[in-house]
Amino acid sequence: MASVSAVLLRRSSSRARGYLQLQRAADGTVALHFSERLHWWWWSSGGGGRFGARAAHGMAGSRERINNGVVTGGVEDAYGEDRATEDQPVTPWAVCIASGHSLLRDPRHNKGLSFTERERDAHYLRGLLPPVVLSQDLQEKRLLQNVRQFEVPLQRYMALMDLQERNERLFYKLLIDNVEELLPVVYTPTVGEACQKYGTIFRRPQGLYISLKEKGRILEVLRNWPEKSIQVIVVTDGERILGLGDLGCQGMGIPVGKLALYTALGGVRPSACLPITIDVGTNNEDLLKDEFYIGLKQRRATGQEYSELLDEFMTAVRQNYGQKVLVQFEDFANHNAFTLLAKYRENHLVFNDDIQGTAAVVLAGLIASLKSVGGTLADHTFLFFGAGEAGTGIAELVALEISRQAKVSVEEARKKIWLVDSKGLIVTAQNDTLQPFKKRYAHEHEPIKDLLGAVKAIRPTALIGSAGVGRSFTKEVIEAMSSINERPIILALSNPTSQSECTAEQAYTWSQGRAIFGSGSPFDPVKYNDKLFVPAQANNAYIFPGFGLGVVISGAVRVTDDMVLAAAEGLADQVTPEHIDKGLIYPPFSIIRKISANIAARVAAKAYDLGLASQLPRPKDLVKYAESCMYTPVYRSYR
C-alpha cells in the first residue's frame, strides 16, 4: 500500500497515546492505522483540489509531492501556491499537532527557551531553539525588565499582548506575580488608550467579531471559535467604552482585557474564556472617517434591528454552549445596559459588570469605611454624582443592603440615597421627564442645579462620583463635605484618570487629611503633614473575576442580587484593621487570588443556598475547592 498519510486526530487516554493515520493506496483503497509516533501531517493542498502530505519525521528526508495521484520526489512548488494570485485560491490545510515548529507557535503550549533537553528531542525541537535552557522564573525576570524599559504605557500594553499571543503561561505568570504593577497596563487606564488606537495597533484578531453582516448566521460564527467548552463570555457593543464614549468595533480591547483578568485574578482557564464584540456600527464621526477603522462604517443600528441581533446572539450562545455559560455585558450605553440586563436575567446566566460589578466593589468599600467612620449603612446618607448605569446600579445595591441589614423595605432604604445628574438634584417634581431607573430615587425636595448646593442641602456622609466628568469634585465641594463630616467618604470612580472627579492629592489636601478616599483609576500614595496616605482603587477587578469563578464552580444557572451582595460582603471582609490604619478600604492587589477565592466561595455558597447550583454534591470547604479549581500558569512537562 503506497503511503499517502494524513493525521486525522490524536487519541489520548490513560492507557494509550498516539495518532490515527489514514493511508490510501494507488487503487483507491484506504486503511486506518494507530501509531505512537507522528510520521505524517497535513501540509497543503491547492490547484484543482488535490490533497498533499509531507513526510515530517522518520522518513528518508526527501520532500515528496503528489502529481496526478502519484507520489514522486522533488522540491518544486507542487501545488502552485507560490505562483497563485489572489484570484487563484489554494486550500490552507493545517493541523493542530503540538510538535516541532508548530509547537513554538502555539501560545498555549509554547515554553520558549524553557523546553528541556529531553523535550527538545521528543518534540522535534532540536536546532529550532538556541542551546540554552532557561527556567520560567528567569524568563519572567527578563521579560519584566523588557517591559519596564518602555516609558509609554501603550508600548507596555502592546508588549504584553505580544507575549500573550506567543506564550500564554508566561504571560499569566508575569501578570499574577506583578499584578499591582501590570494591572494598570492590561486594564484601566491604559486599555482605554488601546481601544482608542485599536485600529492602528491591530495585529491579529483576539475573540469573535459579530456584526450586522452576520445576522441570521450568529450560531455559525460561534461555531467558528476553536474552543467548545466555554464558561465565560465578555461581550460589548462598544458604545460606552469607559468614559471615552462610542469606540465601536475598537472596544474589543475591553473584553480581551477583562478576560485576561478572569484568568490571572480569578483562575478561570484561558481556553474557557471568549471575548466578543457585537458591531452594529458607530456614531463616532472620527472613526467613520478613519481609513484604518476596523469596524462597520455606518451609523449605529437601533430599535428592532438592534434588538433582533441581540436576541439571536443570546439564543445562539445558549444553543452552542448551554445554559451555564456566564455572559458578562460590558460597556453598553445606559439605554441598552439596563434593558438587556432586565430582559435576559430571568432566563439566561447574565451579569453586567458596569451595573452589578461596580455596585459590588463600591458597596464593599462603603462597608469597609464604616470600620473607621462607625455606624451601619442605615445611619448614613449617600449622594451620587452621576445617575447612569454605574451610579444607579451602586445606589440600588446599597439600598438592598440597607434593607437587609435594617429590616426595612427597599423603598424605605432608598430614602437614604440621593442622585445628582446633569440637570441637578433628582427630585419628584421631575418625575414626568425621568427615566424609569431614576424615578425610584426622586425624593421630595426643592430643585438644586449644582453639586455644591446639593452637598450643602443634603449633608451626605459619602459622596460618590460616576458621571465621567473630570474634576467635578472641586475644592469647595470637598471642603463642604469636610465641614459636615469628621471623616468624609469621597469616592471618585470615573475612568480613565482624566475623567476622575478629583485626584487623591486634592481629596487629602482639601480635606486636611481627613478624607476616606477611593478612586476608579490608580493614584500614587500622597504625603500630607508627614503622613503617607495610600489611595484605595475601587477597581471592578476586585469583584468580577472571583464572582465569575464562583458562578462556574457552583454550576449556577442564574445570577441574583443576593449573589452580588455576597460578593460585596466577601470583599469587605478581607479588609483588616491594619488596612484601615493605612487609609485603605480595599485589601492590596498583591493577594487578589486569595481575595477572589473567598469571593467565589461566598457566591457559590449563595447559589447553593438559593437552589441555583447544578454542580453537586456541594463541596464541604468552598474556599479550598475554589482554590483547587484555579488555573495556575506554571509550565507543564511534556512527554
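Residues numbered from 1 in each chain as written. Predicted model: local features only at pLDDT ≥ 70, side-chain atom pairs only at ≥ 80, totals over all residues. Heavy atoms only, no water.

Q: I would appreciate a short explanation of the nonpolar core in the present structure.
A: Nonpolar side chains in soluble globular proteins tend to end up buried together. If you look at the biggest cluster of nonpolar residues, it comprises 123 residues, and the most contacted ones within it are Tyr-157, Leu-366, Phe-382 and Phe-547. The greatest single-element share of this core, amounting to eleven residues, is contributed by helix α24 (residues 592-609). Setting aside chain neighbours within four positions, we find Leu-366 in contact with Leu-377, Phe-382, Val-398, Ala-462, Ile-464, Ile-489 and Leu-491. Within the second largest apolar cluster, 37 residues are counted, among which are Leu-208, Leu-219, Val-280 and Ala-301. (Core = buried A, V, L, I, M, F, W, Y, C linked by side-chain atoms within 4.5 Å. Buried < 20%, exposed > 50% of the residue type's maximum accessible area, 1.4 Å probe, protein only. Helix = DSSP H or I, 4+ residues; strand = E, 2+ residues; numbered from the N terminus. Contact = heavy atoms within 4.5 Å.)

Q: So what exactly am I meant to see when it comes to the packing of aromatic side chains here?
A: Going through the model one piece at a time under the given rule, you end up with 15 aromatic pairs. Between Tyr-187 and Phe-544, the ring centres sit 6.4 Å apart and the planes meet at 65°, which makes this aromatic pair edge-to-face. Placement of Tyr-187 in the loop between α6 (179-186) and α7 (190-196) and of Phe-544 in helix α21 (residues 544-554) is noted, with a sequence separation of 357 residues between them. Among the residues examined, Tyr-187 registers a relative accessible area of 7% and is labelled buried. By relative accessible area, Phe-544 is classed as buried at 0%. Of the aromatic side chains, those joined through ring pairs into one cluster are Tyr-508, Phe-517, Phe-523 and Phe-533. Of note, Lys-111 hangs over the ring of Tyr-638, and the distance from its end group to the ring centre comes to 4.8 Å. Just above the ring of Tyr-441 sits the side chain of Arg-414; from NZ or CZ to the centre is 5.9 Å. (Phe/Tyr/Trp six-rings, centres within 6.5 Å; stacked < 30°, edge-to-face > 60°. Lys NZ or Arg CZ within 6 Å of the ring centre and 35° of its normal.)

Q: Please explain the sheet that holds strand β18 (residues 516-519) as it appears in this structure.
A: In a beta sheet, neighbouring strands pair by backbone hydrogen bonds and run either parallel or antiparallel. Strand order in this open sheet of seven strands is β15-β14-β13-β16-β17-β18-β21, and the pairing throughout is mixed. Either end of the sheet is taken by a strand with one partner, and the two such strands are β15 (424-425) and β21 (536-537). Looking at chain direction, strand β14 (residues 417-421) and β15 are connected through two bridges and run antiparallel. Note on β15: the bridge partner recorded for Asp-421 is Gly-424. In this fold helix α18 (residues 451-458) packs onto β13 (382-385), β14, β15 and β16 (462-465), with an angle of close to 170° to the strand it touches most, β13. (Pairing = 2+ DSSP bridges. Axes fitted to C-alpha atoms, helices over the stretch in contact; angles between N-to-C directions.)

Q: Please explain helix α10 (residues 253-264) as it appears in this structure.
A: Since the α-helix turns once every 3.6 residues, residues separated by three or four places project in the same direction. Its twelve residues give α10 an end-to-end C-alpha distance of 16 Å, which sits within 8% of 16 Å, the value for a rise of 1.5 Å per residue. The buried fraction of α10 is high, at twelve of twelve residues. Regarding α10, the residues found buried are Gly-253, Ile-254, Pro-255, Val-256, Gly-257, Lys-258, Leu-259, Ala-260, Leu-261, Tyr-262, Thr-263 and Ala-264. (Expected span 1.5 Å × (residues − 1).)

Q: I'm lost on the pattern of salt bridges in this one. Help?
A: Two side chains bearing opposite charge may form a pair once their charged atoms approach each other closely. The tally for this structure, following the rule as stated, stands at 29 salt bridges. Two residues, Lys-258 and Asp-353, come together in a salt bridge whose shortest N-O distance is 2.4 Å. One end of the pair, Lys-258, is in helix α10; the other, Asp-353, is in helix α14 (residues 353-373), with 95 residues separating them in the sequence. Residue Asp-353 is classed as buried on the basis of its relative accessible area of 0%. Overlapping salt bridges, with partners in common, bring together Asp-137, Glu-140, Lys-173 and Asp-177 in one network. (Salt bridge = Lys/Arg side-chain N within 4 Å of Asp/Glu carboxyl O.)

Q: I keep staring at the UniProt feature "binding site: a divalent metal cation" (unreviewed entry) in the protein chain and nothing clicks. Help me out?
A: Following the UniProt record, the feature "binding site: a divalent metal cation" (unreviewed entry) maps to Glu-330, Asp-331 and Asp-354 here. Spatial clustering of the annotated residues is evident: they stretch over 25 residues in sequence, but the largest pairwise C-alpha distance comes to 6.7 Å. Mapped onto the elements, Glu-330 comes out in the loop between β11 (326-329) and α13 (334-344). By relative accessible area, which is 2% here, Glu-330 ends up buried. Contacts of Glu-330, omitting those with residues within four sequence positions, involve Val-234, Val-235, Thr-236, Asp-237, Ile-254, Lys-258, Asp-353 and Asp-354. When you line up the elements, Asp-331 lands in the loop between β11 and α13. Not counting residues up to four positions away in its chain, the partners in contact with Asp-331 are Thr-236, Asp-237, Gly-238, Glu-239, Arg-240, Ile-241, Leu-242, Ile-254 and Asp-354. (UniProt positions renumbered as here; feature names shortened; annotations may be inferred.)

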